[in-house]
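Breakdown of the fold
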Amino acid sequence: MNFLLSITPSPVLSALLWIVLVVTALYFARPTAHALINATGRSLYKVFRTASLAVGKARTGLAERNRQVLLAAGREAKERIVEREFHRINETVRKDLGNYSALHRNLSESIKRIEDDHQQAVDVPPDPPGWVKAVQAVAAMDMKDSRVGVGSILSDIHKSLVKAHREAMVAYHEASRVRHTLLRKMRPEWREIQQTLDHVGKNVTSLLSRSSTIDRHMQEYEDIVKGEDRAVSILSSSSLVYFFVSALVLVVAVGGATINFSLIARPMAEMVGGTSLLMGYKTAHIAALVIILVEISMGLFLMESLRITRLFPVIGALPDKTRVRMIWITFTMLFLLASVEAGLAFMREVLLHDELATSALLRGDSATAISNDYMWITTAAQMGMGFILPFALTFVAIPLETFVHSLRTIVGLVAMGALQVTSLLLRLLGNGFRYLSKILAQLYDLPLFIPLWWAARDSSETGRENKRLQKVAS
Amino acid sequence: MKTFSLLIVCTMLASCAQSSPGNSGVYMLIDTSGTYREEMLKAEQIIRYSLSQLDATDSFAVARIDTGSFSEKDIVAKMTFDDRPSTVNRQKRVFIDQIRAFVDDTRSSPYTDITGGLLQAVEYLNEKGPATKTVLIFSDLKEDLEKGYVRDIDIDLTGFDVIALNVTKLRSDNVDPREYLTRLEQWQNKVEKSGGHWRVINDLDGLEGLL
């Protein structure tokens, strides 16, 4: 610095001299410097813009791919739902309407029986009384010829009349009794018909309800097949909901697995040793973890074999006989592992008691002081948990499947967001460099304001002189 | 196929689980000479505490200091704990029974051969090869050798923690405390020159940092 200021006797003069030299040099280098700054700015702008466009294109491609995946997943899910609904309809038709001919025959027979009974229950008009003819005979008799015997005849007629009336009443009562009996027999037939018709009515209503559900699902399926935006939007939001719900359930399952782990890790030391290490972790802990993972795997296979989940299409596509065998094998293994866990949970309690007794002995306390009559409750509870938790973990397969399927959508959405942000940042950077080059060019000119002002003044005077010469010439 | 084979080999190698290298070896020397025999109950208390701190695969031995302590016969109880927790508990109970019998039946010895006991401890612990080696000396540190016993031997105590416990003051120490301090200093120099780490714990209520 001192050297720079000592080129003349006066430092101020030296400084001024340097300023003049630097400004002159900058002024002469100005066009080249401006060109360099502008070219750099433009190049960076183009590079970043091209990169932004490429990222944007990748985002569009990914969005399209996500859309296709989402639609495919939605289509598959809808197919499953529709298939299940058809299966239910098929079951209803097979179970209830499959024996429609028998139902029809029952109804016809019931109606026939009712008709017959009804026919028999028709009120029979009573026979005309027998004494009418006797009265006619009496009326036709000559009064003189038969005056003496009329009294006895009328007396007989009266007797006959009373007798006939009694018989008619008995017959009438008998007929009424038979009719009422027949009508009583008809009552269960009516009820049976009514029940049968109610049952048929319910089935038909159920079928109608299912058919309307199928209609709705088919409409949604058509929307998905057509690739409509509304369908994509619904599927996307459903995926988000499924993702968070399944993640929550999985967290709960992890909690269950952790409790399961703590139940069996300690007694596992009895089997594989308490201090040996495997890849830096206690072998007992790894063994306990492996047991839990094997249980979860068995649960997965069981769920796959039952066709509740579809993570492994190979299992779902197995012949029914093999699949049923697989169900029994996985269930047996789960049962055995659950039994092992229950045994280990019991062992844990025994070990705990043993350790407490030894500690008490080492402290000088009485070993029997720690015995407790209610300890069996915790032991039983631990054994129960050890047995139940493996089966409970089996159901992890369901949220796991949902999680895996929805994760694809979530990852796609996150990747799309990341690409969009990257594209925006690249674009901003490109524009930033573009404007930065302009600012740098202006900053370059800042110390050159005197020569620039001079050059501008000079050029304006030259311009005016040229105009004046043109006017003179014209 | 190559990757699969490699995976299988790695799994097989990893499954050859090694015992934990973090095990401890503790050897406790108990002075039974003269009036120090009266401190046996305190020694039992320390042994109980040590047992509660030791775990699977650790080694523990208790030996008496008598006229000639460089002998396996002076080892009262020794145990290397099993890998299984239930067996460890059983071993600890057996160990404490042996110590009880020793405390009840032990007799006072006329001489005190601490160096011989220390030699025996080093030999035992080196043979066991634990990760940490600790020698507990429950004594007043007053060595009194019978005529003819040679104990002027260099002992390699590299990697050993030597802890003097309950170093009681003798009657002569009360008259001239320098004797006591000199005795402690001599033992400290002896241990540290041999590469060991020396500590003294006289307050038996604060055994937390013992092991």
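Residue indices begin from 1 for each chain and proceed along its sequence in written order. Working convention: letters from A go to chains and numbers from 1 go to ligands, in the order in which they are written. It should be noted that, the model being predicted, local features are given only for residues of pLDDT at least 70 and side-chain atom pairs only at 80 or more, the latter also being counted only at that level, while totals for whole chains, interfaces and linings use all residues. Note that the side-chain values use all heavy atoms of the structure and ignore hydrogens as well as water.

Turning next to the overall build of chain B. Think of it this way: any DSSP run of H or I at least four residues long counts as a helix, any run of E at least two long counts as a strand, and we number them from the N terminus. Counting its secondary structure elements, chain B contains six helices and six strands. When the helices and strands of chain B are listed from N to C terminus, the series reads α-β-α-β-β-α-α-β-β-α-α-β. The proportion of buried residues among the 211 residues of chain B is 47%. To be clear on the numbers: accessible area is Shrake-Rupley with a 1.4 Å probe, and residue cover counts the displayed protein chains and nothing else. Approximately 11000 Å² of chain B is accessible, and the part contributed by carbon and sulfur atoms is 51%. The rule is simple: take the accessible area with a 1.4 Å probe, protein chains only, and divide by the maximum for that residue type; under 20% is buried, over 50% is exposed, in between is partly exposed.

Residues and elements named next belong to chain B. Residues belong to one nonpolar core when they are buried, are Ala, Val, Leu, Ile, Met, Phe, Trp, Tyr or Cys, and are joined through side-chain atoms within 4.5 Å. One finds M28, I30, I47, F60, F95, F138 and L210 to be the most contacted residues of the largest nonpolar core, which totals 33 residues. Residues in contact with I47, not counting those within four places in the same chain, are M28, I30, F60, V62, F95 and I99. Membership of the second largest hydrophobic core comes to 27 residues, among which are A61, L119, V135 and W187. For this analysis, residues touch if any pair of their heavy atoms sits within 4.5 Å.

At the junction of the two partners, chain A supplies 18 residues and chain B supplies 21 residues. Buried area is calculated as the accessible area (1.4 Å probe) missing from two parts once they are joined, with the contributions of both summed. Buried surface at the junction of chain A and chain B, summed over both partners, amounts to about 1600 Å²; 59% is from carbon and sulfur atoms. By the criterion of area lost to chain B, the three top residues of chain A are A:T275, A:L361 and A:L362, representing 38% of everything that side buries. Here, a salt bridge means any side-chain nitrogen of Lys or Arg that lies within 4 Å of a carboxyl oxygen of Asp or Glu. There are one salt bridge connecting chain A and chain B. The partner of B:R93 in a salt bridge is A:D354, with the nearest N and O atoms 2.9 Å apart. Polar contact criterion, stated in full: a pair of N or O atoms within 3.5 Å, where within protein one must be able to donate a hydrogen and the other to accept it, and residues adjacent in sequence count only if both atoms are side-chain atoms. Seen at the junction of chain A and chain B, the total is five residue pairs in polar contact (both at pLDDT 80 or more). Here the term charged refers only to Asp, Glu, Lys and Arg, the term nonpolar to Ala, Val, Leu, Ile, Met, Phe, Trp, Tyr, Cys and Pro, and the term polar to all other amino acids, Gly among them. Of the residues belonging to the side of chain A that touches chain B, the class tally is eight nonpolar, seven polar and three charged.

Here the focus is the layout of surface pockets. When its volume is computed, the largest pocket comes out at roughly 1200 Å³. Those elements giving two or more residues to the lining of the largest pocket turn out to be helix 1 (11-97), helix 4 (150-226), helix 5 (229-272) and helix 10 (397-445) of chain A. Counting residues per element, the lining of the largest pocket draws most heavily on helix 1 of chain A, at 13 residues. Its residues assigned to classes, the lining of the largest pocket comprises 14 nonpolar, nine polar and 12 charged. Each pocket or cavity is described by its volume, and for the second largest pocket that value is around 490 Å³. Points on a 1 Å grid, built from protein atoms alone, make a cavity when a 1.4 Å probe fits but cannot get out and make a pocket when they are open with protein on both sides within 12 Å along at least 5 of 7 lines; residues with an atom within 4 Å of a point are the lining residues. Around the second largest pocket, the lining comprises 24 residues; the ones closest to its centre are A:K282, A:E355, B:D55, B:A56 and B:P85. Where the lining of the second largest pocket is concerned, the elements lending two or more residues are helix 5, helix 6 (283-305) and helix 8 (320-363) of chain A together with helix 3 (85-105) of chain B. Grid points are joined across faces, edges and corners, and a volume is the space filled by probe spheres set on the points.

Take the sheet that holds strand 6 (residues 197-201) of chain B next. Hydrogen bonds along the backbone pair up the strands of a sheet, which may run parallel or antiparallel. All names here are of chain B. Strand order in the open sheet made by the six strands is 3-2-1-4-5-6, with mixed pairing throughout. A strand with exactly one partner marks an edge of an open sheet, and here the two such strands are strand 3 (75-80) and strand 6. Each strand of the sheet is rotated relative to its neighbour by a mean of 15°, with strand direction disregarded. Pairing between strands is defined by DSSP: at least two bridges between them are needed. Summarising the sheet, strand 1 (residues 24-31) and strand 4 (residues 132-138) pair through seven bridges and their orientation is parallel. Within strand 4, the position partnered with G25 by the bridge is K133. Contacts from helix 2 (residues 40-53) reach strand 1, strand 2 (59-65), strand 4 and strand 5 (160-165), with the element oriented near 175° to strand 1. Whenever a helix is involved, its axis is fitted only over the stretch in contact; in every case the axis is a line through C-alpha atoms, and angles between N-to-C directions fall within 0 to 180 degrees. Set on the sheet, helix 6 (residues 177-193) makes contact with strand 5 and strand 6; between it and strand 6 the angle comes to about 150°.

Aromatic ring pairs are defined here through the distance separating the ring centres and the angle between the ring planes. All names here are of chain A. Stacked, tilted and edge-to-face are the three classes assigned to paired rings of Phe, Tyr and Trp, where Trp is represented by its six-membered ring and a pair needs centres within 6.5 Å; plane angles under 30 degrees give stacked, over 60 edge-to-face, the rest tilted. If you walk through the whole model with that rule in mind, you get 12 aromatic pairs over all chains. Here the aromatic rings of Y27 and F28 are separated by 5.8 Å at their centres, their planes lie at 70°, and the arrangement is edge-to-face. Measuring from centroid to centroid gives 6.0 Å for W453 and W454, while their planes differ by 65°, and the two rings are edge-to-face. An aromatic cluster of at least three residues, connected via ring pairs, comprises W328, F331, F335, F387 and F391. Both a distance and an angle decide whether a charge sits over a ring: NZ of Lys or CZ of Arg must be within 6 Å of the ring centre and within 35 degrees of the ring normal. Sitting over the ring of Y45, R434 keeps its end group 4.6 Å from the ring centre. Between R457 and the ring centre of W454, over which it is positioned, the NZ or CZ distance is 5.3 Å.

A few words now on the side chain of A:E349. Residue and element names in this part refer to chain A. Structurally, E349 can be placed in helix 8. No salt bridge is formed by the buried E349; the nearest opposite charge belongs to R348, separated by 4.6 Å. Not counting the four nearest positions on each side in its chain, E349 is found in contact with M375, T378, T379 and Q382. Charge convention: Lys and Arg are scored as positive, Asp and Glu as negative, and His as well as the terminal groups of each chain are ignored.

Turning to a positive patch on the surface, a few remarks are in order. Residue and element names in this part refer to chain A. Without a salt bridge and with relative accessible area above 30%, a residue can belong to a patch; like charges are then joined within 9 Å and nonpolar side chains (Val, Leu, Ile, Met, Phe, Trp, Tyr) within 5 Å. Charge positions come from single atoms, namely NZ of Lys, CZ of Arg, CG of Asp or CD of Glu. There is a patch of like positive charges on the surface, built from R49, R427, R434 and K438. By the element assignment, R49 lies in helix 1. When its relative accessible area of 30% is taken as the criterion, R49 is described as partly exposed.

All names here are of chain B. On a range of 0 to 100, pLDDT expresses the predictor's confidence in each residue. When pLDDT is averaged along chain B, the result is 84; 90% of the residues meet or exceed 70. Below a pLDDT of 50 lies the segment residues 1-19, which in the model reaches nine contacts outside its immediate sequence neighbourhood of four places, other chains included. Taken together, the chains of this predicted complex give a pTM of 0.64 and an interface ipTM of 0.75.

The subject of this paragraph is unusual backbone geometry. All names here are of chain A. Phi is positive for M279, which is not a glycine, with a value near 55°. Inspection of the secondary structure puts M279 in the loop between strand 1 (277-278) and strand 2 (281-282). Classification of M279 as exposed rests on a relative accessible area of 64%. The phi angle at R307 is positive, at roughly 65°, despite the residue not being glycine.

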